[in-house]
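Coordinate analysis (summary)
Residues per chain are reported as follows:
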Amino acid sequence: MAISFEIPERITQETAMLKAVAENVMRPISREMDEHEHERPWPFINMMWPIMRDMQAKQLEKLSAEGGDKPKREGPGIGNLRMICTVEQLSWGDVGIWLCMPAAALGGYAIEATGTREQKLKFLKRFAEGDTPVWGAMAMTEPGAGSDPASIQTTARLDPETNEWVLNGEKIFCTSGKLALEDSNGLVVVWATLDRDAGRAGMKSFVVEAGTPGVKIAKVEKKHGIKVSDTAAIVLDNARVPYDHILGDPEIRQKSEGKVGFKGAMATFDASRPMVAASALGVGRAAVEFVKEQLAKEGIEIPYGKPKGQLTAIQSDVIEMEAQWKAAWLLTLRATSMLDHGLQNSLEASMAKAKAGKAVTQITQKAVELLGPQGYSRDWLVEKWMRDGKINDIYEGTGQINLLIIARRILSYSSKELA
Ligand SMILES: Cc1cc2nc3c(=O)[nH]c(=O)nc-3n(C[C@H](O)[C@H](O)[C@H](O)COP(=O)(O)OP(=O)(O)OC[C@H]3O[C@@H](n4cnc5c(N)ncnc54)[C@H](O)[C@@H]3O)c2cc1C
């Protein structure tokens, strides 16, 4: 498959508009939001809601008009490419504030990956209408199940009398969980098992809407970085959802056809990992650009093309930061392009995520180091980017787990053979 690394003009123009949002709406409140954990970035939320709502409405109109589970299109799309460019630019503005964007977010990815056409139209509608912002989220992680999602303990049981699913369990570290369940008429896609003995085949996802009895936000985390982003613990205590809130096929099939059950969870990551990689790279670019600006003020320029032996240590470090950034961006473009071409991209999505997570960690640490004590002070945002950027190496599969997935795929080992 030929991958074009050219970004279409339409997307470049949109990205330029988003740069203005990042510069004028996000950056001015970046520090304040960091220092007042759990306050909401309303100027950003109110500005983005109509844009996100109308985008979702267009997608649903298309889905509604086309029929079938997958929208038919001529040739590859550019929807995911557009999304990574958006995410990269807004994360350049502030990654925590970007995470507060009102949209279906990870919940939407899960619905897209595992839901039927009717379910997509039904559950995503709330993100496509109204004047009040709405959030979506996805809850997979539990106190005993993070890197190994197949070991989740949350259960779902069908009550034959009411034809409802009854959910019990505890979910932790759910991004925008409170925004979705308490602060708006949103939803959380909750992963649960129908039968623990069935292993991965028993894993299913359920749409839990705001206001569902038996669902409680137990805690909102205080964090090292992305402090403005809401990260919630959710308790499901006999929470009842209607029968059609199970996404995809309700049957437990050992050899499941299509992207349901555990395969559905993995398909969600195929789409979301390139986005997380792009988010990492937005933070990384912010740090590299800032370092270069500060060095330029000191009269230090970066002489590209010179042999390494003729560079100063600082120049060499900056070029290394940029090289790491570029390698990760190219991997991200590849994973995204495959997604837009409808190709299986699990390996490439993990590669992009692993590389970008590591790159942002190294780049932001190096930026703090190169800028000396001021880099470590709160006068500048660099120390914050170092704290914020690290999250991209943790959620949606840690760096280690993505490397494990890459190794399994390249060497053709199963998860049992290479654990
Ligand atoms: C701010 C934030 C937001 C989050 N948002 C969400 C969300 O919206 N929804 C959601 O479901 N989850 C979310 N998470 C959870 C996140 O996805 C998990 O934290 C992550 O998958 C790691 O799981 P864990 O925390 O249980 O770590 P563990 O699985 O306990 O891992 C601990 C360490 O051991 C390493 N490790 C584990 N197994 C292996 C192995 N086999 N080989 C090598 N190393 C290994 C890991 O890489 C890690 O470094 C969020 C987390 C954070 C911090």
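This section reports on the structure supplied with the text. (Residues numbered from 1 in each chain as written. Predicted model: local features only at pLDDT ≥ 70, side-chain atom pairs only at ≥ 80, totals over all residues. Heavy atoms only, no water.)

**Focus on the environment of A150**
Summarising the element assignment, A150 is placed in the loop between β1 (136-139) and β2 (155-159). Judged by its relative accessible area of 24%, A150 falls in the partly exposed class. Not counting the four nearest positions on each side in its chain, A150 is found in contact with R200, M203 and F262. (Helix = DSSP H or I, 4+ residues; strand = E, 2+ residues; numbered from the N terminus. Buried < 20%, exposed > 50% of the residue type's maximum accessible area, 1.4 Å probe, protein only. Contact = heavy atoms within 4.5 Å.)

**Some details on the pairing of strand β5 (residues 203-209)**
With six of its seven residues buried, β5 lies for the most part within the structure. Pairing analysis gives seven bridges linking strand β4 (residues 187-193) to β5, with the strands arranged antiparallel. Among the inter-strand pairings, L187 is bridged to a residue of β5, identified as E209. (Pairing = 2+ DSSP bridges.)

**Some words on the pairing of strand β7 (residues 231-242)**
Bridge count between strand β3 (residues 164-175) and β7: nine bridges; the pairing is antiparallel. Each residue of the ladder has a partner; that of E170, found in β7, is V235.

**A look at the packing of helix α9 (residues 346-370) against helix α12 (residues 399-411)**
The geometry of α9 relative to α12 is characterised by a closest axis approach of 9 Å and an angle of 145° between their N-to-C directions. By crossing handedness, the relation of α9 to α12 is classed as left-handed. Contacts from S346, L347, S350, M351, K353 and A354 in α9 reach G399, N402, L403, I405, I406, R409 and I410 in α12. By residue class, the composition of the contact of α9 with α12 is seven nonpolar, four polar and two charged. (Axes fitted to C-alpha atoms, helices over the stretch in contact; angles between N-to-C directions. Left-handed = near helix turned anticlockwise from the far one by under 90°. Nonpolar A, V, L, I, M, F, W, Y, C, P; charged D, E, K, R; others polar.)

**A word on the layout of surface pockets**
Approximately 260 Å³ is the volume attributed to the second largest pocket. Looking at the second largest pocket, the residues that line it are I7, T12, T15, C85, E88, Q89, R285, W325, K326 and W329. Put simply, the parts of the chain that give the lining of the second largest pocket at least two residues each are α1 (9-35), α3 (79-99) and α8 (313-340). Counted by class, the lining of the second largest pocket contains four nonpolar, three polar and three charged residues. (1 Å grid on protein atoms, 1.4 Å probe; cavity = no way out; pocket = protein on both sides within 12 Å on 5 of 7 lines; lining within 4 Å. Points joined across faces, edges and corners; volume = space filled by probe spheres on them.)

**Brief notes about the environment of A20**
Mapping A20 onto the fold places it in helix α1. Looking at A20, the relative accessible area reads 33%, which means it is partly exposed. Along the sequence, A20 and G93 sit 73 residues apart, while their C-alpha atoms lie 9.3 Å from each other.

The analysis is restricted to geometry; functional conclusions fall outside its scope.
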